[in-house]
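An overview of the molecular structure
Now for the letters of each chain:
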Amino acid sequence: MIYNRKLTRALAASVLAFAASGVSAAESPITIVINQSPWFPGFQAVVEKYEEDTGNTVELDVNPFAGSLEKQRTAVRADQSPYDVLIMNAGFFSEFYSGGFMQPLTDIDPAFSLSEDIYTFDDSVCWNAEDKKISCDGGGLLSVPVNPNVLILHYRQDLYEEAGLSVPTTWDELYDNAKALQTDARYGISQRGQRGTFDVTYDVFPYIWSHGGGIVDQQDDGSYRVTINSPGTLAGMETYLKLAADVGHPSTAGQTQTNVIQNMATGRAVHINSVPAPGLFDDESKSMVVGQVAYAPPPGTSEFPSATPLGHWLAGVPKNISDDHKQAALAFLTWFQSDEAQRAYAEAGSMPVSRAVLESDMADQPEYRWMKALAAALPNARLTFTFPEATQVLAVTELRFNQAIGGEMPLNQALNTAAEEITKVMQDAGYDLPAPEMLP
Amino acid sequence: MKTDTFWRHATLWPALVLFALLTVLPLIKLFALSFNDVEWINREAVWDWVGLANYARLPEDNLLRAGALNTLIFAVVAVALQMLIGFVLALLTVQVVRGRVFYRTVFILPILVPGIIIGAIWKLMYSYDFGVLNSFLAWFGLTPQDWLGNPDLALLSVIIVDVWHWTPFCFLLLLAGLESLPDDIFEAARIDGATRWQQLRYITLPLMMPTIAVTFVFRMILAFKVFDEIYLLTGGGPGTSTEVISFTIYRRFFTEDQTGYGAAMSIAVIAVIAAGIIAATRATAGKGAKA
């Protein structure tokens, strides 16, 4: 009898506690597979807010960059995916689209649409299965952007003000400023030159695009052209190497994104081109340069404007999960697009994908000073690879760029070799490409 | 008697079945995969028979060539150093009568540390800007070194970590071998006036040869499979200076998703390692003195 009374009390207390929480889960729990990036803490904070606001449960499976890709591949190819939302990188999303792994979001809910405020990043959210290309013109909506990862220039505002320098808009100006501000204990610039999955290749895009070069061009019309050994790419890489040799880190070929960010956070670098992690540089527990880092679009040249690679992240729902999980995943993505969520995302130190938030009055506040640079850089942001063989091309570029930077291979030879190898990868995959012309 | 023999065999069958399920079947699948290219169309894996084409690509793969050469250098240098240092440490430790357990415990500590922590520790120590090694050099007024970013230094830096990590393995096996040697032979040698060097050269080394051979083969197999240290410290770079075979297979198979080609590469490497083990076993068979 006493036992029964105790049990009743405990049950009553549980019911009251549950009622007092104010919200109850309306959707099934979902699991999101995501990589560990500088912007991850902001995403995590937003997920926690979602859970608090809705009572729904979200589990995050956090991995290194390459590990996340492997898990996503394995998940979508299995009978049933353990993940309800995949956070796909701009370098690789097309293989998930073209393989038929992703569920068109309007098939889950015909009323679902992408908010007008959300950037589509060159239509990378859509896939036209018939034409086998990325396009919202006739293509289905397969994903929602979650992070507008682009490279922007970070520079030490305090040192600039002290020296009376202007924000560089060309690489030559950046070189002069870096030269003026470098000391024995401070690098003019720290560049990410290490070979990885999509590391050094991502870092060199602003250099080569702003000199008229590229890696594989004309992807949008399907004609493809290997431009990695074009004069423009050569000029861009020469600029990269000049900065590395004269004002850069002595170990540029060994620098990862983490190293580059560390160099800025510890005051060892005057400039870095990096995906913004503003929360980090203004955090006293992690940074020695709180309030001293300012932001601008990457430099360009007198002939070509600033251009930055889209390394954005897209959230998609795999086909091989149950209907209730698809609904739950879509509920999260719907909430994520809201103004409230996007503001919370920015407040947590990550970059929102909403134009309305990026251009709001938040951008005038000092702690969100990176927003204007990001908004200015995005119109010139470009997709890098939109074909499923991107991982094989990246294996080539990561190696050859790194060899050129580390001095293991002369630049011209590295670019020519890369051009031959990329052409072979594409030809083997069935693309009709001519043999590349060689640089002297 | 026949029943005894039957049961002796029967006790091994569960292990044999498990081995077949977990090792032989995946190997057969890998072998079959190596003659195909796999493409995913509408969520379906489409196997395209390519015959020996994947194997024919192997000699042209410059990453594989670099990986094979680096793996060979890495394995030979690292294992030679581990065997030498491990043997010297074991010889010194076996002389200690009181407190031997203490030395043994201290010397085997590195092998107990998980690979991920070893990677983090050494990456910090090798850091150009913040590493203790460069701080040490600076203290003596020497130029800081780019331990992991310089193509001429990177492989050596990784070998040093591997030697630090795996020498205890050699030490432990060789110490066990030394401890099991019969004392009476050494005693007789001492009575006959043999010097320490002569005892080492003519008694210890011949008697230890089987243990040395087994330790060497074990370590060579593990060294050929090195992955975690490379992954954590250099990612195979700079350039191809620390590229090793297992990392090349990982890239081709997983990152680049060339499963057929990656499978061919795996089968070829397994064949080479198996041939190496057989050759090493034959070469060392009968070399040791019979105790």
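Residues numbered from 1 in each chain as written. Chains lettered and ligands numbered in written order. Predicted model: local features only at pLDDT ≥ 70, side-chain atom pairs only at ≥ 80, totals over all residues. Heavy atoms only, no water.

Basically, it comes down to this: UniProt positions are given in the numbering used here, feature names are shortened, and annotations may be inferred rather than shown by experiment.
An unreviewed UniProt entry annotates chain B as Sugar ABC transporter permease of Paracoccus onchidii. As its UniProt record puts it under Subcellular location (unreviewed entry), chain B is described as follows: "Cell membrane". Among the UniProt annotations of chain B, the heading Sequence similarities (unreviewed entry) holds the following wording: "Belongs to the binding-protein-dependent transport system permease family."

Identification of chain A as Extracellular solute-binding protein from Paracoccus onchidii is taken from an unreviewed UniProt entry. Recorded in UniProt under Subcellular location (unreviewed entry), the annotation for chain A is "Periplasm".

Concerning the sheet that holds strand β8 (residues 187-190) of chain A
Residues and elements named next belong to chain A. Condition: Paired strands, in this sense, are two strands between which DSSP finds at least two bridges. Secondary structure elements follow DSSP: runs of H or I of four or more residues count as helices, runs of E of two or more count as strands, with numbering from the N terminus. Between N-to-C directions, angles span 0 to 180 degrees; the directions come from axes that are lines fitted to C-alpha atoms, helices contributing only their stretch in contact.
Here four strands make up an open sheet; going across it, the order is β8-β11-β7-β12 and the pairing mixed. The open sheet has two edge strands, β8 and β12 (293-296), and neither has a second partner. In this sheet, neighbouring strand axes are inclined to one another by 20° on average, regardless of whether the strands run parallel or antiparallel. Where strand β7 (residues 152-156) meets β12, four bridges bridge the pair, whose relative direction is antiparallel. Bridge pairing in β12 links R156 to V293.

A closer look at the sheet that holds strand β14 (residues 313-316) of chain A
All names here are of chain A. The condition is simple: Note on definitions: a residue-residue contact is assigned when non-hydrogen atoms from the two residues lie within 4.5 Å.
The strand order β2-β1-β3-β14-β6 describes an open sheet built from five strands, whose pairing is mixed. Strands with a single pairing partner mark the edges of an open sheet, and in this sheet they are β2 (58-63) and β6 (143-147). Sheet twist, expressed as the mean angle between neighbouring strand axes with direction ignored, is 25°. Pairing geometry for strand β1 (residues 30-35) and strand β3 (residues 85-89), over two bridges, is parallel. What sits directly across from V33, in β3, is L86. In this fold helix α12 (residues 323-336) packs onto β1, β2, β3, β6 and β14, with an angle of close to 60° to the strand it touches most, β1.

Concerning the domain arrangement of chain A
Residues and elements named next belong to chain A. For clarity, the cut-off: Segment limits for the domains were obtained from an automatic or database-derived domain assignment. Throughout, buried area stands for the accessible area (probe radius 1.4 Å) lost by two parts on being put together, summed over both. For this document, the term salt bridge refers to a Lys or Arg side-chain nitrogen within 4 Å of an Asp or Glu carboxyl oxygen.
Per the domain assignment, the segments of chain A are domain 1 (21-149 + 311-358) and domain 2 (152-308 + 387-428). Relative to domain 2, the C-alpha centre of domain 1 lies at a distance of 28 Å. Between domain 1 and domain 2 lies a buried interface of about 1,200 Å² when both sides are counted; carbon and sulfur atoms form 68% of it. Across the domain 1-domain 2 interface, the total number found is zero salt bridges.

A short note on helix α9 (residues 231-247) of chain A
Residues and elements named next belong to chain A. Heads up, the rule is: An expected span of 1.5 Å times one less than the residue number is assigned to each helix. Each residue's exposure class comes from its accessible area (1.4 Å probe, protein chains only) as a fraction of the maximum for that residue type: buried when under 20%, exposed when over 50%, partly exposed otherwise.
With 17 residues, α9 extends 24 Å from end C-alpha to end C-alpha; this agrees with the ideal 24 Å at 1.5 Å per step. Those residues of α9 not exposed but buried are G232, T233, L234, G236, M237, T239, Y240, L243, A244 and V247. Its buried side turned inward, α9 meets α7 (171-181), β8, α8 (200-209), α16 (390-406) and α17 (411-428).

Topic: the UniProt feature "domain: ABC transmembrane type-1" (unreviewed entry) in chain B
In the numbering used here, UniProt assigns the "domain: ABC transmembrane type-1" (unreviewed entry) feature to residues 68-282 of chain B. The distance from the first to the last C-alpha atom of residues 68-282 of chain B is 23 Å, and the span holds 77% helix and 0% strand.

Focus: the pattern of salt bridges
Opposite charge on two side chains lets them pair, provided their charged atoms get close. Overall, the coordinates contain 23 salt bridges over all chains when judged by the stated rule. Between E243 of chain B and R195 of chain A there is a salt bridge, with the nearest N and O atoms lying 2.6 Å from each other. With E243 of chain B in the loop between α11 (228-233) and α12 (245-255) and R195 of chain A in the loop between β8 and α8, the pair connects residues from two separate chains. Ionic contacts of the salt-bridge type, sharing partners, join the residues R73, R77 and E95 of chain A together with D257 of chain B into one network.

Re the interface of chain A and chain B
Put simply, the rule is: Counting of polar contacts relies on pairs of N or O atoms within 3.5 Å, with two restrictions inside protein: one atom must be capable of donating a hydrogen and the other of accepting it, and residues adjacent in sequence are counted only when both atoms are side-chain atoms.
Taken together, the contacts link 39 residues of chain A with 31 residues of chain B. Here chain A packs against chain B, burying approximately 2,600 Å² in sum over the two surfaces, 46% of which is carbon and sulfur. Ranking the residues of chain A by area buried against chain B places R77, R195 and E408 of chain A at the top, with a combined share of 23%. Where chain A meets chain B, there are four salt bridges. Its salt-bridge partner being D257 of chain B, residue R77 of chain A comes within 2.4 Å of it at the nearest N-O pair. Remark: the boundary between chain A and chain B carries 21 residue pairs in polar contact (both at pLDDT 80 or more).

Re the pairing of strand β11 (residues 269-274) of chain A
Residue and element names in this part refer to chain A. Most of β11 is tucked away: six of the six residues are buried. Examined bridge by bridge, β7 and β11 share four bridges and lie antiparallel to one another. When the sheet's bridge partners are listed, L153 is paired in β11 with N273. Summarising the sheet, β8 and β11 pair through three bridges and their orientation is parallel. By the bridge assignment for β11, Y187 is matched with A269.

Things to note about the UniProt feature "transmembrane region" (unreviewed entry) in chain B
Taking the numbering used here, the UniProt-annotated feature "transmembrane region" (unreviewed entry) corresponds to residues 12-32, 72-94, 101-122, 153-178, 199-222 and 260-280 of chain B. With 96% helix and 0% strand, residues 153-178 of chain B has end C-alpha atoms that lie 36 Å from one another.

Section: the packing of aromatic side chains
Under the convention used in this document: When two rings of Phe, Tyr or Trp (its six-membered ring) have centres within 6.5 Å they constitute a pair, described as stacked for plane angles under 30 degrees, edge-to-face for angles over 60, and tilted for the intermediate range. Each ring is checked for a lysine NZ or an arginine CZ that lies within 6 Å of its centre and within 35 degrees of its normal; such an atom marks a charge sitting over the ring.
Following the criterion strictly, the structure yields 51 aromatic pairs over all chains and no others. Arranged with centres 5.2 Å apart and planes meeting at 75°, the rings of W139 of chain B and F140 of chain B form a pair that is edge-to-face. Accessibility assignment for this pair places W139 of chain B and F140 of chain B in one class, exposed. Plain terms: the ring middles of Y231 of chain B and Y250 of chain B are 6.1 Å apart, the flat faces sit at 90° to each other, and that makes the pair edge-to-face. With Y231 of chain B in helix α11 and Y250 of chain B in helix α12, this pair connects stretches of sequence that are 19 residues apart. Judged by its relative accessible area of 32%, Y231 of chain B falls in the partly exposed class. Y250 of chain B gets classed as buried once you look at its relative accessible area, which sits at 13%. In this arrangement the basic side chain of R382 of chain A is found over the ring face of W209 of chain A, its NZ or CZ atom lying 4.3 Å from the centre.

Concerning the packing of helix α8 (residues 154-179) of chain B against helix α10 (residues 196-224) of chain B
Residue and element names in this part refer to chain B. Put simply, the test is: Note: crossing handedness is left-handed where the near helix turns anticlockwise from the far helix by less than a right angle, and right-handed where it turns clockwise. Nonpolar residues are Ala, Val, Leu, Ile, Met, Phe, Trp, Tyr, Cys and Pro. Charged residues are Asp, Glu, Lys and Arg, and all others, Gly as well, are polar.
Running from amino to carboxyl end, α8 crosses α10 at an angle of 145°, the nearest separation of the two axes being 10 Å. The handedness of the crossing between α8 and α10 is right-handed. Residues D162, W166, F169, C170, L173, L174, G177 and L178 of α8 pack against T204, M208, T211, I212, T215, F218, R219 and L222 of α10. Of the residues assigned to the contact of α8 with α10, the class counts are ten nonpolar, four polar and two charged.

So, a nonpolar patch on the surface
Residues and elements named next belong to chain B. In plain terms, the rule: Each patch is assembled from residues with relative accessible area greater than 30% and no salt bridge, linking like charges that lie within 9 Å and nonpolar side chains (Val, Leu, Ile, Met, Phe, Trp, Tyr) that lie within 5 Å. All accessible areas in this document rest on Shrake-Rupley with a 1.4 Å probe, and a residue is counted as covered only by the protein chains that are shown.
Together, L69, L72, I73, V76, V77, L81, L84, I85, V88 and L92 make up a nonpolar patch on the protein surface, roughly 830 Å² of accessible area in all. Considering the arrangement of structural elements, one finds I85 in helix α4 (residues 62-95). Looking at I85, the relative accessible area reads 35%, which means it is partly exposed.

A short note on helix α2 (residues 40-54) of chain A
Residues and elements named next belong to chain A. Under the convention used in this document: The arc refers to the directions leading from the helix axis to the C-beta atoms.
Between the first and last C-alpha of α2 there are 21 Å, a value that for 15 residues agrees with the 21 Å anticipated at 1.5 Å per step. Those residues of α2 that sit buried are F40, G42, F43, V46, V47 and Y50. The buried residues of α2 occupy an angular sector of 155° when the element is viewed end-on, so they sit on one face. Among the structural elements, β1, β2, β3, β6, α12 and α13 (339-347) are those in contact with the buried residues of α2. Note on α2: the residue one or two positions beyond its end, G55, has a positive phi of about 80°.

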